[in-house]
Structures are given as C-alpha cells and as structure tokens.
Amino acid sequence: MEKGLIIVYYGNGKGKTTASLGAALRGIGYDFRICMIQFIKGEWKYGEIYSSNLLKPNFELIVAGKGFVGILDDDHNINEHILASKNALGLAREKINSLNYDTVILDEINYALKLKLIDEDEVLQILKAKPYQVNVIMTGNYITEEILEIADLVTEMREIKHPYKNKIKAKKGIDF
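All values derive from a computational prediction rather than experimental measurement. (Residues numbered from 1 in each chain as written. Predicted model: local features only at pLDDT ≥ 70, side-chain atom pairs only at ≥ 80, totals over all residues. Heavy atoms only, no water.)

### Observations regarding the side chain of Lys130
The line we're drawing: We count a stretch as a helix when DSSP gives it H or I for four or more residues in a row; a strand needs E for two or more, and each element gets its number in order from the N terminus. Working definition: with a 1.4 Å probe on protein chains only, accessible area under 20% of the residue-type maximum means buried, over 50% means exposed, and in between means partly exposed. In this tally, Asp and Glu contribute negative charge and Lys and Arg positive charge; neither His nor the terminal groups of the chain are included. Salt bridges are defined by distance alone: a side-chain nitrogen of Lys or Arg within 4 Å of a carboxyl oxygen of Asp or Glu. Polar contact is the term for a pair of N or O atoms within 3.5 Å; when the atoms are in protein, one must be able to donate a hydrogen and the other to accept it, and sequence-neighboring residues count only if both atoms are side-chain atoms. Contacts are assigned to residue pairs that have any heavy atoms within 4.5 Å of one another.
Within the secondary structure, Lys130 is located in the loop between helix 5 (120-129) and strand 5 (135-140). At 6.1 Å, Asp152 is the nearest oppositely charged side chain to Lys130, a buried residue that forms no salt bridge. Reaching out from Lys130, the side chain makes a polar contact with the backbone oxygen of Gly4 at a distance of 3.2 Å. When neighbours within four sequence positions are excluded, Lys130 is seen to be in contact with Gly4, Leu5, Ile6, Ile96, Asn97 and Val136.

### A look at the pattern of salt bridges
Under the defined criterion, the tally for this structure stands at 5 salt bridges. Where Glu60 meets Lys95, a salt bridge forms, and the shortest distance between an N and an O atom there is 3.4 Å. Residue Glu60 is located in strand 3 (residues 59-63), and its partner Lys95 is located in helix 3 (residues 78-97); the two are separated by 35 residues in the primary sequence. According to the relative accessible area criterion, Lys95 is buried, its value standing at 12%. Ionic pairing is found between Glu159 and Lys165, a salt bridge with its closest N-O pair at 2.8 Å.

### Comments concerning the side chain of Asp107
As for its placement among the helices and strands, Asp107 is situated in strand 4 (residues 103-107). For Asp107, the side chain forms a polar contact with the side chain of Thr17, separated by 2.6 Å. Beyond its immediate sequence surroundings of up to four residues, Asp107 is in contact with Thr17, Met36, Ile37, Gln38, Phe39, Ile40, Lys41 and Thr139.

As structure tokens, this is what we get:
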C-alpha cells in the first residue's frame with residue numbers, strides 16, 4: 001500500500017483548482033476514485049460542475065460553499081459562510097476517512113482558513129489522522145506554516161500577468 005500524499009496548491013496566481021483537477025483526471029486514468037469538496041465556490045455556474053458529470057462514477061463533486069466571501073454579489077452574511085465551511089469540513093473528514101476515495105480535493109480550503117471560516121487545528125487533526133493511503137489535495141490563495149510543515153508537496157502559483165488587468169473578462173472554459 002502506497003503512502004497517500006498531502007498536496008497543496010496555493011498562491012495569488014491562477015491555476016490552483018485547475019492543477020487539482022489535472023491530478024484528478026490523471027488519477028481517473030488509473031481508475032482512482034476522486035472526491036472534490038468546494039469550500040467557497042457555490043452559486044456560480046462553472047465548467048467543473050458540468051464536466052464532473054462526465055467523469056462519474058470515478059469523480060464526485062460536492063459544492064459546499066455559498067460563494068466567494070465579501071465580493072460584490074455576495075448576498076450571504078458571514079455566519080452563513082462559516083456554517084457552510086464547517087459543514088464542508090465535516091464532509092471532508094467523512095470522505096477522507098471513508099476509504100471510498102483514493103484522492104480527496106479540498107478546493108479553496110486554504111482561503112476558508114485565511115478568512116477564519118474554519119479552525120486550523122481541526123484541519124490539522126483531519127490531515128494527521130487521514131488513512132495512510134489517501135491523497136489529500138488542498139487549494140486556495142493562502143498557506144499557514146503548520147500546513148506547509150505537514151504537506152508532502154507544496155506548489156505556489158504566482159501571478160506574473162493576468163488578462164483581467166487589461167480589462168479582459170473571465171473566459172468560459174478557461175477561467176470558469
């Protein structure tokens with residue numbers, strides 16, 4: 001039985017969720033079972049919602065968040081975001097420990113940590129207690145020293161250039 005890894009994709013650059021989906025696609029090629037829990041994304045429609053249906057039964061996507069916190073169209077109070085993130089963390093614990101998945105992706109969990117929507121100690125407990133063979137991938141624009149220490153692989157996505165700065169809107173199939 002191979003050791004499962006704790007992988008973190010973080011930083012201010014684009015590509016964190018995309019990298020985790022690439023790992024999922026690679027794993028599905030070997031008949032891995034993948035679960036992705038989205039901690040922040042919620043009410044918008046984006047490509048992975050649609051494509052995940054094409055990857056069943058090997059891929060399960062759970063949209064657990066209420067949407068991005070504090071942006072222009074956020075119509076939820078902070079307590080709703082906190083409750084959604086806590087529920088997502090409970091699901092994460094359940095899915096990781098179920099042994100039904102080879103890889104569990106915790107999308108935007110690092111952002112939920114930065115916003116204090118969930119407790120870092122609880123996240124660390126889940127990671128330290130994960131079954132030996134399960135891979136956990138964490139994404140989000142932030143990382144704590146404790147997560148950095150426990151992770152096996154950490155990649156920082158750093159923005160060099162972004163079309164948004166040239167007033168180019170997000171592109172369907174590329175950004176969402």
